[in-house]
Amino acid sequence: CGKHVAVEFEGVYGVTKVVVNGEIAAIHHYGYTNFYVDLKDFLIYGAENEIRVIVNNTQLPNSRWYSGSGIYRNVNLYVGGPVYITENGLRITPAQIEDDSAVVIVDVELENLGPARKAVWALTDLIDAEGGVVACGKSLVTAFSGEKVTTRQRILLPAPHRWNVEDPYLYTANVRLVYAGDDGSLPKNAGLAPAENADSLDEARDDFGVRTLTVDSMHGLRINGKEVKLRGSCIHHDNGLIGAATLYRAEERRVEQMKAAGFNAIRSAHNPCSRAMLEA
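Here the structure is a predicted model, which means the values were calculated and not measured. Throughout, residues of each chain are indexed from 1 in the direction in which the sequence is written. Whole-chain, interface and lining totals are the exception, using all residues; otherwise, since this is a predicted model, local features are given only for residues with pLDDT of at least 70 and side-chain atom pairs are given and counted only at 80 or more. By convention in this description, side-chain values take in all heavy atoms of the structure and omit both hydrogens and water.

(A) Representation of the nonpolar core. Definition used in this section: a nonpolar core is a set of buried Ala, Val, Leu, Ile, Met, Phe, Trp, Tyr and Cys residues joined via side-chain atoms within 4.5 Å. Buried, partly exposed and exposed residues are distinguished by accessible area as a fraction of the type maximum, computed with a 1.4 Å probe on protein chains only: under 20%, between the cut-offs, and over 50%, respectively. Residues Leu-110 and Phe-208 are the most contacted members of the largest nonpolar core, which totals 28 residues. Among the elements of the structure, β9 (83–95), β10 (101–112), β11 (118–127), β12 (133–143), β13 (148–158), β14 (171–179) and β15 (200–208) are those that each provide at least two residues to this core. Going along the chain from the N terminus, every DSSP run of H or I of four or more residues is numbered as a helix, and every run of E of two or more is numbered as a strand. Among the elements that line this core, the one with the most residues is β10, at five residues. Two residues form a contact once any of their heavy atoms are found within 4.5 Å. Leaving out residues up to four positions away in the same chain, Phe-208 has contacts with Ile-92, Pro-94, Val-104, Leu-126, Tyr-169, Leu-170, Tyr-171, Thr-172 and Ala-173. Phe-9, Val-37, Leu-39 and Phe-42 belong to the second largest nonpolar core, which has twelve residues in total.

Encoded structure:
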């Protein structure tokens, strides 16, 4: 009780009604976009809870391409502390990119659900593709009750390994929230993993690449200063005989096949593609 609890539906096709313990918690009309349902006002703590998803897909035909029906993409449960990182509240922007360094701007949006003002530390680790921590950042944030606050960190990343079409190298930004001491100090156990640190409130992570993009009438598109000719193709959201259900391995395999055939760009036709396709 007192925590932030939400469920995300990455894709449900048809007019969707989410009912939690007999109460309507959300209605969503578009089947190709994700949506979040805040559960904290509908849950019965310490008891079994029921979430029902009711889909009306009777208005057929209603799509230019085979849409599938019902829950066809992943469903995710989010649980955070009284002060938590909002959904989509982590944004990473590489800037000032040079051969020997880059500045990684990390914006973190927090919300305080508690009844009183709270001070927390946002601790950020930048992790390379081999799993090593290559840079760190931290910021002290104070949020009043019911307030959303965004904190910005500028972290120096040494010798960045650049992303390009032939070498899609990714870093990971991992952000954790811990309560600050009464004097605003960083707790001694702040470096412990969330499972070992009772003061850990929430955690979020996302992948990012370091690259420069420029477009002009003389050189066209350049990635890291190198001209790149786009060889693109359109794809639909379904996977042929597999159907509309989103399977991560199926999306990866499709991207692998397209790259092997010489493509380096895709267009999602005719609707927003899945998170799995974006990650692939």
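(B) A look at the environment of Ile-54. Of note, Ile-54 is situated in strand β6 (residues 51–56). Here Ile-54 falls in the partly exposed class, since its relative accessible area comes to 38%. Taking C-alpha positions, Ile-54 is 9.5 Å from Ile-27, a pair spaced 27 residues apart along the chain. Excluding anything up to four places from it in sequence, Ile-54 contacts Val-15, Thr-16, Lys-17 and Val-19.

(C) Examining a nonpolar patch on the surface more closely. A grouping of Val-15, Ile-24 and Ile-27 is seen on the molecular surface, where their side chains present a nonpolar patch of about 250 Å² in accessible area. For Ile-24, the location among the structural elements is in strand β4 (residues 23–28). A relative accessible area of 49% means that Ile-24 is categorised as partly exposed. Patch membership needs two things, relative accessible area over 30% and no salt bridge, and members are linked within 9 Å if like-charged or within 5 Å if nonpolar (Val, Leu, Ile, Met, Phe, Trp, Tyr). Note on areas: Shrake-Rupley, 1.4 Å probe, and residue coverage restricted to the protein chains presented here. Every case where a carboxyl oxygen of Asp or Glu lies within 4 Å of a side-chain nitrogen of Lys or Arg is listed as a salt bridge.

(D) Representation of the pairing of β13 in the model. Of the two faces of β13, the one lined by Val-149, Thr-151, Gln-153, Ile-155 and Leu-157 is fully buried and the one lined by Lys-148, Thr-150, Arg-152, Arg-154, Leu-156 and Pro-158 carries no buried residue. Only strands joined by at least two bridges in the DSSP assignment are considered to pair. Relative to β13, β10 is paired through eleven bridges, and the arrangement is antiparallel. Each residue of the ladder has a partner; that of Val-108, found in β13, is Thr-151.

(E) The state of the cysteines, seen in detail. Pairs of cysteine sulfur atoms within 2.5 Å are identified as disulfides in what follows. Going through the model one piece at a time under the given rule, you end up with zero disulfides. Left without a disulfide partner, Cys-273 is nearest to the cysteine sulfur of Cys-234, which lies 12 Å away.

(F) Summary view of the sheet that holds β10. Spatially, the three strands line up as an open sheet ordered β9-β10-β13, and their pairing is antiparallel. With one partner strand each, in any of the chains shown, β9 and β13 form the two edges of the open sheet. Shown here is a sheet whose adjacent strand axes are inclined to one another by a mean of 20°, direction ignored. Pairing analysis gives nine bridges linking β9 to β10, with the strands arranged antiparallel. Its bridge partner being in β10, Arg-91 is matched across the sheet by Asp-107. In this analysis an axis means a line fitted to C-alpha atoms, helices contributing only their contacting stretch, and an angle means the value between N-to-C directions, from 0 to 180 degrees.

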